[in-house]
Amino acid sequence: VLLHVLFEHAVGYALLALKEVEEISLLLPQVEECVLSLGKFHNIVRLVAFNPFSSSQVALENANAVSEGIVHEDLRLLLETHLPSKKKKVLLGVGDPKIGAAIQEELGYNCQTGGVVAEILRGVRLHFHNLVKGLTDLSACKAQLGLGHSYSRAKVKFNVNRVDNMIIQSISLLDQLDKDINTFSMRVREWYGYHFPELVKIVNDNATYCRLAQFIGNRKELNEEKLEKLEELTMDGAKAKAILDASRSSMGMDISAIDLINIESFSSRVVSLSEYRQSLHTYLRSKMSQVAPSLSALIGEAVGARLIAHAGSLTNLAKYPASTVQILGAEKALFRALKTRGNTPKYGLIFHSTFIGRAAAKNKGRISRYLANKCSIASRIDCFSEIPTSVFGEKLREQVEERLSFYETGEIPRKNLDVMKEAMVQVKEAAAEITRKLEKQEKKRLKKEKKRLAALALASSGNSSSTPEECEETNEKPKKKKKQKPQEAPQENGMEEPSVSFTKPKKKRSFSKEELVSSDLEETAGGSTSLPKRKKSSPKEEIASEPEETGSRSVPKKKRRRFSSKEEPVSSGPEEAAGSKGSTKKKKKLQKASQED
């Protein structure tokens, strides 16, 4: 039979095989010397396969699986690949019996722990960085440290009992505050009693006494005007009147102002402590209603919290039998009774519940046993139920009440089966109502999320659309200025705006022959505006004059003449020369025509 050894490390799984060495020799003390020296250890063990983990998350998953006794897929693949197919001839050595039992059950390999395997694993742990190529001692230590931290964090994170810690700390602090407030109140009573000793007999409550000491101060200043405030503090008119009468005929000593200031400051601290104690009690009640609603409904929040704190957690309390719950908190009396062979205690912390105090002396042991039974049931329901509900606790409380009345009057209580059936019906209704509330809350949350996303989308779209608009505005402004510049000149001259657009640069105007002739006549006549009748122009001249007529239809004739005469000198040099030649020829023709007439 071949002996293989499985070694789990932070970097991966290693499968090692023992060379042919008799098992008897391995059990000898010389094995320890072989394990300590690397050369001798290599003669005994050889590495068959090494499966490294791909990431720290995979390493954590495998570590959790090994600790819980579960065969991970990586481990299954390694064993099925590298172990011999004949399972009867293979003996696998493992360090943890839980994982050995799981491998034997799922894969069918015989597993062995302890003895030779423990010695071999000790040697593998010592020389592992030398057995695997490329692995150094430093990197192996870092991997172990990282996996240890992540494993511990995961255990703390998935701790089911972590909510119980708040209850345990709260009830411990509450008990400590009760002791401290009691001690400080006694100090205030003794200190202020030198000045006003009669107040101690009138007021018994510690917090009320401290408030009165803070309010009264010097008893000689107490008068009828402060009677109303005294009634508010004491909640009793007769007590307030008694305090006022006692202050007038008190036997206390006089007190200085500085002593009175110190007493008032100390009493204010005690009052603040008592107020904090009340707020802590309300917090404890809310926490108990969330964590252990059935237990708190059965015996009260304070007693239930003390039971959880004494047991260590709600899970530990649920694991306890009813006989242990009954005497929980009376361990000293129990062991003293066992030592002296006396009577064992009948109750421990559950004595503070109201049921045992209401029972008769002969029935105290019976009702405490019955109450412990119901407490253990309630704690198990709270610990292992998915939806926390106080229905079972209320029904169990009713059963304890019925049992108490049975001890007193003989009235037969209901059967447990009938009570639990009623409780199950109510629990189903309560669970349906809770699911409805959760669905409504989820719908509201989704609606709010949709509104928030829509608002974000609108804001982002508004920002994106505003930027191109701003760019367009900035681009349009200079365009408008360019348009306005040519429009201003004709308006100043009293001209109407022509219909031609000014986006393109203005072309130089070409004048027809008739206009040139008319302009020459105007010059010769010395400013006279009369013109001869226009001759019929040739079709070429009509075509040339068409763009002028279309562009200047809206302009009157007189203004058109002025416009042409004014804009004549703007023409370029070659055009002027051509115009002057044409004008001399036409002058001659006109002179001949006038002579013939």
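Values in this document were obtained by computation on a predicted structure and should not be read as measured data. (Residues numbered from 1 in each chain as written. Predicted model: local features only at pLDDT ≥ 70, side-chain atom pairs only at ≥ 80, totals over all residues. Heavy atoms only, no water.)

## As for the UniProt feature "coiled-coil region" (unreviewed entry) in the protein
- Those places that UniProt annotates as "coiled-coil region" (unreviewed entry) correspond, in this numbering, to residues 417-456.
- Between the end C-alpha atoms of residues 417-456 the distance is 58 Å, and the span holds 100% helix and 0% strand. (UniProt positions renumbered as here; feature names shortened; annotations may be inferred. Helix = DSSP H or I, 4+ residues; strand = E, 2+ residues; numbered from the N terminus.)

## As for the side chain of H72
- By the element assignment, H72 lies in the loop between α4 (56-67) and α5 (73-82).
- We classify H72 as buried; its relative accessible area is 18%.
- With near-sequence residues (within four places) excluded, H72 lies in contact with Y13, E61, N62 and A65. (Buried < 20%, exposed > 50% of the residue type's maximum accessible area, 1.4 Å probe, protein only. Contact = heavy atoms within 4.5 Å.)

## Points about the sheet that holds strand β4 (residues 90-93)
- An order of β3-β2-β1-β4-β5 is seen for the five strands of this open sheet, with the pairing classed as mixed. At either end of the open sheet lies a strand with only one pairing partner, and these are β3 (45-52) and β5 (110-112). For this sheet, the mean angle separating the axes of adjacent strands, direction not counted, is 25 degrees.
- Of the pairings in the sheet, the one linking β4 to β5 comprises three bridges and is parallel in character. When the bridges of β5 are listed, L91 appears paired with N110.
- Helix α6 (residues 97-106) rests against β1 (2-8), β4 and β5 of the sheet, and its axis sits at about 170 degrees to β5.
- The sheet contacts of helix α7 (residues 116-131) involve β1, β2 (12-18), β3, β4 and β5, and relative to β1 the element is tilted by about 60 degrees. (Pairing = 2+ DSSP bridges. Axes fitted to C-alpha atoms, helices over the stretch in contact; angles between N-to-C directions.)

## Overview of the packing of helix α9 (residues 164-193) against helix α11 (residues 206-216)
- Where α9 meets α11, the closest approach of the two axes is 10 Å, and the angle between their N-to-C directions is 40 degrees. By the angle between their directions, the pair α9 and α11 is classed as oblique. Crossing geometry of α9 relative to α11 is assigned as left-handed. Of α11, the residues touching α9 (which contributes N182, S185, M186, V188, R189, Y192 and G193) are N206, Y209, C210, A213 and I216.
- Looking at side-chain class alone, the contact of α9 with α11 contains seven nonpolar, four polar and one charged residues. (Parallel < 35°, antiparallel > 145°, perpendicular 65-115°, else oblique. Left-handed = near helix turned anticlockwise from the far one by under 90°. Nonpolar A, V, L, I, M, F, W, Y, C, P; charged D, E, K, R; others polar.)

## So, helix α22 (residues 391-409)
- Here α22 contains 19 residues, and its C-alpha end-to-end distance of 27 Å stays within 8% of the 27 Å for a straight helix at 1.5 Å per residue.
- Those residues of α22 that sit buried are V391, F392, G393, K395, L396, Q399, V400, E402, L404 and Y407. (Expected span 1.5 Å × (residues − 1).)

## Structural notes on the nonpolar core
- By size, the foremost hydrophobic cluster in this structure holds 45 residues, and its most contacted members are L295, L298, I299, I308, L317 and L371.
- Looking at this core, the element that brings in the most residues is helix α21 (residues 364-384), giving seven residues.
- Counting residues in hydrophobic clusters, the runner-up holds 25 residues, among them A10, V58, I99 and A102. (Core = buried A, V, L, I, M, F, W, Y, C linked by side-chain atoms within 4.5 Å.)

## Quick notes on the pattern of salt bridges
- According to the stated counting rule, one finds 18 salt bridges in the structure shown.
- The salt bridge partner of E106 is R76, with a shortest N-O separation of 2.6 Å. Of this pair, E106 sits in helix α6 while R76 sits in helix α5, and the two are 30 residues apart along the sequence.
- Between R414 and E402 there is a salt bridge whose closest N-O contact spans 2.9 Å. Here R414 is found in the loop between α22 and α23 (416-492), whereas its partner E402 is found in helix α22, with 12 residues between them in sequence.
- Several salt bridges converge on common partners, so that one network encompasses K395, E398, E402, R414 and E422. (Salt bridge = Lys/Arg side-chain N within 4 Å of Asp/Glu carboxyl O.)

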